[in-house]
Amino acid sequence: MPTAHFAPEDTFPLQFAWHLPDGDYIRAVFQAEVLDLVPEADKYVVRLDELTAGRQEDEDGQILAREAYTQAYWKLVGDLVGRKVTIAFEADDGRAIHLRLATLTGEHNFFTRYEDAEVIAQGLLAAQRRAQKEE
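Below, the structure is looked at part by part. Quick caveat: nothing in here was measured; it's all calculated off a predicted structure.

1. Regarding the packing of aromatic side chains
Step number 1: Across all of its chains, the model carries ten aromatic pairs by this definition.
Step number 2: Taking the centre distance of 6.3 Å and the plane angle of 50 degrees together, the rings of Trp18 and Phe111 count as tilted. With Trp18 in strand β1 (residues 11-19) and Phe111 in the loop between α2 (101-105) and α3 (113-134), this residue pair connects regions lying 93 residues apart in the sequence.
Step number 3: Since its relative accessible area comes to 0%, Trp18 is described here as buried.
Step number 4: Relative accessible area serves as the criterion here: at 2%, Phe111 is assigned to the buried category.
Step number 5: Arranged with centres 5.2 Å apart and planes meeting at 20 degrees, the rings of Tyr69 and Trp74 form a pair that is stacked. As far as burial versus exposure is concerned, Tyr69 and Trp74 are alike and both buried.
Step number 6: Put simply, the rings of Phe16, Trp18, Phe30, Phe110 and Phe111 pair up and form one aromatic cluster.

Structure below.
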């Protein structure tokens with residue numbers, strides 16, 4: 001059974017990798033702060049506090065010069081700073097988590113679903129408070 005190696009307020013490096021349409025790969029390492037644990041799901045709730053490292057490789061694994069990076073995708077990587085995500089306990093081992101490109105472009109809600117849930121919860125609480133006032 002997976003176990004958490006970090007507790008709330010701890011930080012650890014969290015690495016993601018995406019395969020680009022042209023065959024290149026982007027690897028990005030974030031400093032992730034543990035906000036909470038979800039032991040029932042073997043997951044952390046983390047915030048991506050800082051982009052600490054990154055590189056782009058061609059399809060043969062050769063690291064590209066920074067000038068050759070695909071800037072549109074790197075902007076999306078930078079925009080992930082501050083996002084909250086749930087991530088499996090196993091992700092704390094430092095190895096890259098390979099994600100579909102749709103998670104980076106926003107076509108898949110991997111990087112927004114936790115915040116979406118927070119917004120929905122806030123709306124439900126507000127509706128509950130209004131209903132209680134009307135009683």
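Once you've had a look at it, read on.
2. Description of the side chain of Arg27
Step number 1: In this fold, Arg27 is placed in strand β2 (residues 25-38).
Step number 2: A polar contact is formed between the side chain of Arg27 and the side chain of Glu57, at a distance of 2.9 Å.
Step number 3: Apart from the residues lying within four places of it in its own chain, the contact partners of Arg27 are Gln15, Phe16, Ala17, Ala53, Gly54, Arg55, Glu57, Trp74, Ala96 and His98.

3. With respect to the sheet that holds strand β4 (residues 84-88)
Step number 1: With mixed pairing, five strands are arranged side by side in an open sheet as β4-β3-β2-β1-β5. Whereas interior strands pair on both sides, the edge strands pair on one side only; in this sheet they are β4 and β5 (97-99). The average angle at which neighbouring strand axes cross in this sheet is 45 degrees, direction not considered.
Step number 2: Strands in contact with helix α1 (residues 71-78) are β1, β2 and β3 (43-57); relative to β2, the strand with the most contacts, it is inclined by about 15 degrees.
Step number 3: In this fold α3 packs onto β3 and β4, with an angle of close to 120 degrees to the strand it touches most, β4.

4. Regarding the nonpolar core
Step number 1: In this structure, Leu14, Phe16, Trp18, Val46, Leu48, Ile87 and Phe111 are the most contacted members of the largest nonpolar core, which totals 28 residues.
Step number 2: Looking at this core, the elements with two or more residues in it are β1, β2, β3, α1, β4, β5 and α2.
Step number 3: Here this core takes five residues from β2, the largest share from any one element.
Step number 4: Discounting residues that sit within four places of it in the chain, Ile87 has contacts with Leu14, Phe16, Asp42, Lys43, Tyr44, Val46, Ile97 and Phe110.

5. Here's the deal with the pairing of β2
Step number 1: The pairing of β1 with β2 spans nine bridges and is antiparallel. Residue pairing across strands places Phe16 opposite Ala28, the latter belonging to β2.
Step number 2: Two successive antiparallel strands, β1 and β2, enclose a turn made up of five residues, where Gly23 displays a positive phi of approximately 100 degrees.
Step number 3: Of the pairings in the sheet, the one linking β2 to β3 comprises 13 bridges and is antiparallel in character. Opposite Tyr25, over in β3, you have Glu57 as the bridge partner.

Calculation rules
- Residues numbered from 1 in each chain as written.
- Predicted model: local features only at pLDDT ≥ 70, side-chain atom pairs only at ≥ 80, totals over all residues.
- Heavy atoms only, no water.
- Phe/Tyr/Trp six-rings, centres within 6.5 Å; stacked < 30°, edge-to-face > 60°.
- Helix = DSSP H or I, 4+ residues; strand = E, 2+ residues; numbered from the N terminus.
- Buried < 20%, exposed > 50% of the residue type's maximum accessible area, 1.4 Å probe, protein only.
- Polar contact = N/O pair within 3.5 Å; in protein donor to acceptor, adjacent residues only side chain to side chain.
- Contact = heavy atoms within 4.5 Å.
- Pairing = 2+ DSSP bridges.
- Axes fitted to C-alpha atoms, helices over the stretch in contact; angles between N-to-C directions.
- Core = buried A, V, L, I, M, F, W, Y, C linked by side-chain atoms within 4.5 Å.

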